[in-house]
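Examining the three-dimensional arrangement
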Amino acid sequence: MKSTVIEHEKKLAAYESVSLVKNGMIVGLGSGSTAEHMIRKLGEEVEKGLSIKGVPSSERTAQLAQEVGIPLILLKEAITLDINIDGADEFDPKFRLIKGGGGALLREKILAHNSKLNVIIADSGKKVSALGKFKLPLEIIPFATQAILAELNKMGLKPVLRKLDGGAYRTDENNNIIDIDIFGVKEVDKLNGTLIEIPGVVETGLFLKTTDIILMGQGSETLFFRNTR
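Read on for an overview of the structure. (Residues numbered from 1 in each chain as written. Predicted model: local features only at pLDDT ≥ 70, side-chain atom pairs only at ≥ 80, totals over all residues. Heavy atoms only, no water.)

Moving on: the sheet that holds strand β4 (residues 90–91). In spatial order, the strands read β4-β5-β13; together these 3 strands make up an open sheet with antiparallel pairing. Only two strands of the sheet have a single partner each, and these edge strands are β4 and β13 (206–207). Note: strand β5 (residues 97–98) against β13, 2 bridges, orientation antiparallel. Considered in β13, the bridge of Ile98 is made with Leu206. (Pairing = 2+ DSSP bridges. Helix = DSSP H or I, 4+ residues; strand = E, 2+ residues; numbered from the N terminus.)

Put into C-alpha cells, the structure is as follows:
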C-alpha cells in the first residue's frame with residue numbers, strides 16, 4: 001500500500017511540473033522514477049501539439065524521451081535551458097538536495113547549472129529535516145578509486161564502491177560511483193568543498209544552490225515550495 005501511495009505522489013508532482021512547460025521552451029529532462037513520470041506526461045503534451053526541445057540528463061532518459069516523441073538536442077546546441085525538471089533522493093528545508101541514487105548526478109548538475117529555472121519533483125518521503133539519511137554519491141574517475149576510498153575511510157565517511165553485475169558501476173561518462181555516509185554532518189557546504197578538492201572526485205551529489213521550486217506530492221495534493229533566497 002505504501003508503494004502505491006508513493007507512486008501516486010510522484011505522479012502528482014511530475015504532472016504538475018509539466019504545466020510549467022510552455023511552447024518554444026528548451027527543457028532539461030531529469031533522470032529517475034519520478035522524472036520518468038514527467039517525461040511520459042510531457043510526451044503526451046507534445047503529441048497534442050506542445051512544441052519543445054529536450055536535453056536529457058542520461059542515456060536512459062534520452063531513450064525514454066525518444067520513445068514518447070520528445071524532440072532532443074544536445075546541451076552544446078542549447079547552452080542555456082529555459083527550465084530543468086528533475087527528481088531528488090532527499091531535500092531539506094533550505095532547498096538543498098542529495099541526488100545521484102540513479103548514477104546520473106554529473107549530467108544532472110550540469111543541466112541544473114545551465115538552466116534559468118530548476119524544478120524538483122518528489123514524493124513526500126524525500127523531505128527530510130537534515131540531509132544524510134540517504135547515502136551521498138560521489139562520481140570519481142576509475143584511476144583514483146582505491147586512493148579515494150582510502151582517503152574517505154580516514155575521514156570516517158564509510159565509503160562503498162557502487163557495484164553492478166559483479167563489477168564496478170559505470171556512469172554514462174564511464175566513471176565510478178562511491179556512496180558515503182554523511183548522516184549527522186552539520187556543515188554540508190564545507191564538506192562539499194572538501195570532497196571536491198580530492199583529486200579524482202569529479203562531482204558530488206550535493207546540490208546546494210540550484211533549486212528554485214520544489215513540487216512535492218503529498219496524499220492527494222501537490223505542495224508548491226519556492227526558494228526566495
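The next point concerns the packing of aromatic side chains. Under the criterion given, the structure shown has 0 aromatic pairs. Sitting over the face of the ring of Tyr15, Lys41 holds its NZ or CZ atom 5.2 Å from the ring centroid. Lying across the ring of Phe207, Lys109 places its NZ or CZ 4.8 Å from the centre. (Phe/Tyr/Trp six-rings, centres within 6.5 Å; stacked < 30°, edge-to-face > 60°. Lys NZ or Arg CZ within 6 Å of the ring centre and 35° of its normal.)

Every buried residue belonging to helix α3 (residues 59–67) is among Thr61, Ala62, Leu64 and Ala65, and all of these are buried. Each buried residue of α3 lies within a common arc of 165° when the element is viewed along its axis, so the set occupies one face. Pointing more than 90 degrees away from the buried face of α3 are the exposed residues Arg60, Gln66 and Glu67. Looking at the buried positions of α3, the neighbouring elements they touch are β1 (26–29), α2 (33–47) and β2 (53–56). (Buried < 20%, exposed > 50% of the residue type's maximum accessible area, 1.4 Å probe, protein only. Arc of directions from axis to C-beta. Contact = heavy atoms within 4.5 Å.)

In the structure shown here, the tally under the stated rule is 17 salt bridges. Of the charged contacts, one joins Lys109 and Glu203 as a salt bridge, the two residues approaching to 3.0 Å between their closest N and O atoms. Separated by 94 residues along the polypeptide, Lys109 in helix α5 (residues 105–113) and Glu203 in strand β12 (residues 201–204) bring together distant segments of the chain. When its relative accessible area of 16% is taken as the criterion, Glu203 is described as buried. A network of salt bridges, in which partner residues are shared, links Lys41, Glu44, Glu45 and Lys48. (Salt bridge = Lys/Arg side-chain N within 4 Å of Asp/Glu carboxyl O.)

Attention now goes to the sheet that holds β2. With mixed pairing, 6 strands are arranged side by side in an open sheet as β2-β1-β3-β6-β14-β15. Whereas interior strands pair on both sides, the edge strands pair on one side only; in this sheet they are β2 and β15 (221–226). Adjacent strand axes in the sheet meet at a mean angle of 20° when their direction is disregarded. (Axes fitted to C-alpha atoms, helices over the stretch in contact; angles between N-to-C directions.)

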